[in-house]
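The residues making up each chain are set out below.
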Amino acid sequence: MFNDIGALELVTLVVLAVLIFGPDKLPKVIQDASRFIRKIREFSESAKEDIRTELGPEFKDFEFEDLNPKTFVRKQLMDGNDDLGLKEIRESFDLRKEMAEVTDAVHGRESASKDSAGGVSGSAAVTAANGSPGAPDLLKKREQPAKDDHPPFDADAT
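Residues numbered from 1 in each chain as written. Predicted model: local features only at pLDDT ≥ 70, side-chain atom pairs only at ≥ 80, totals over all residues. Heavy atoms only, no water.

S.K.: Outline the overall build of the protein chain, listing residues and values.
M.R.: Within the protein chain one finds six helices and zero strands. Tracing the protein chain from N to C terminus, the helices and strands come up as α-α-α-α-α-α. Going through the 158 residues of the protein chain one by one, you find that 11% of them count as buried. Surface accessibility of the protein chain: about 14,400 Å² in total, with carbon and sulfur atoms responsible for 61%. (Helix = DSSP H or I, 4+ residues; strand = E, 2+ residues; numbered from the N terminus. Buried < 20%, exposed > 50% of the residue type's maximum accessible area, 1.4 Å probe, protein only. Areas by Shrake-Rupley, 256 points an atom, 1.4 Å probe, with all protein chains shown as cover.)

S.K.: Let's hear about a negative patch on the surface: which residues, and what values?
M.R.: Together, E88, E91, D94 and E98 give the surface a local cluster of negative charge. Inspection of the secondary structure puts E88 in helix 4 (residues 86-92). Look at E88 and you get exposed, because its relative accessible area is 60%. (Patch = residues over 30% accessible without salt bridge, like charges linked within 9 Å, V, L, I, M, F, W, Y side chains within 5 Å. Salt bridge = Lys/Arg side-chain N within 4 Å of Asp/Glu carboxyl O. Lys, Arg positive; Asp, Glu negative; His and termini not counted. Charge placed at Lys NZ, Arg CZ, Asp CG, Glu CD.)

S.K.: Lay out helix 1 (residues 7-21) in plain terms, naming residues and giving numbers.
M.R.: Taking 1.5 Å per residue, 15 residues should reach 21 Å; helix 1 reaches 21 Å between its end C-alpha atoms and fits that length. A positive phi of about 85° marks G22, the residue just after helix 1. (Expected span 1.5 Å × (residues − 1).)

S.K.: Describe the pattern of salt bridges, listing the residues and the values that go with them.
M.R.: Counting across every chain of the model gives four salt bridges. Put simply, E45 and K48 hold a salt bridge, and the shortest N to O gap is 4.0 Å. Separated by three residues within a single helix, E45 and K48 lie in helix 2 (residues 26-55), roughly one turn from each other. A residue is classified by how much of its surface remains accessible, and K48, at 25% relative accessible area, is partly exposed.

S.K.: Tell me what's going on with a nonpolar patch on the surface, and back it up with residues and numbers.
M.R.: Together, I5, L10, V11, L13, V14, V15, L16, V18, L19, I20 and F21 make up an exposed nonpolar region whose accessible area comes to about 1,000 Å². The residue V11 is located in helix 1 in this model.

S.K.: Break down the confidence of the model for the protein chain for me, citing the residues and quoting the values.
M.R.: Mean pLDDT over the protein chain works out to 75, with 70% of the residues at or above the 70 mark. No element of the protein chain has a lower mean pLDDT than helix 6 (residues 122-131), at 46, and none a higher one than helix 2, at 92. Scored below 50 in pLDDT, residues 113-130 makes 24 contacts in the model with residues more than four places away or belonging to other chains. (pLDDT = per-residue confidence, 0-100. Contact = heavy atoms within 4.5 Å.)

S.K.: Tell me about the environment of L26, residues and numbers included.
M.R.: By the element assignment, L26 lies in helix 2. Taking relative accessible area as the criterion, L26 reaches 15% and is therefore assigned buried. Expressed as a C-alpha distance, the spacing of L26 and V14, which sit twelve residues apart in the sequence, is 9.9 Å. With residues near it in sequence (within four places) discarded, L26 still touches A17, V18 and F21.

S.K.: Quick rundown of helix 2? Include the residues and the values.
M.R.: If you check helix 2, its first and last C-alpha atoms are 44 Å apart, about what 30 residues at 1.5 Å a residue would give, namely 44 Å. Immediately beyond the C-terminal end of helix 2, within one or two residues, lies G56, with a positive phi of roughly 100°.

Structure follows, in structure tokens:
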């Protein structure tokens, strides 16, 4: 609740409390505030227990934190429930792996990764293309087109 209050803010609050309530009334105000907070906590706990008993034994493991949508989604998707293949989906979006493959392709290193069809992945194909005679050389300069040649027009791109 007070995780974002720093030392300077805390000192300021203490000084303001002393100025507003005075040093002789401040201990009583602190006791009253702590008693009030304790009663609110007891009230909320008793309300939670009443709701659990009214719901019955089917909901004995019901947690009120699960009503928070963020917690609910995290619990349903991130736990061991992998009925939908979510683990495979999460692993397929591994950007570090993709970036490593691109880096390997740029630096001309061989990548040991293979795709599901058994073929060479994109970066390994580029690496193999640099050294194989039938593939285009990606480092070779392009030929300059003649002045009369226009670049191909792609009607779908416009």
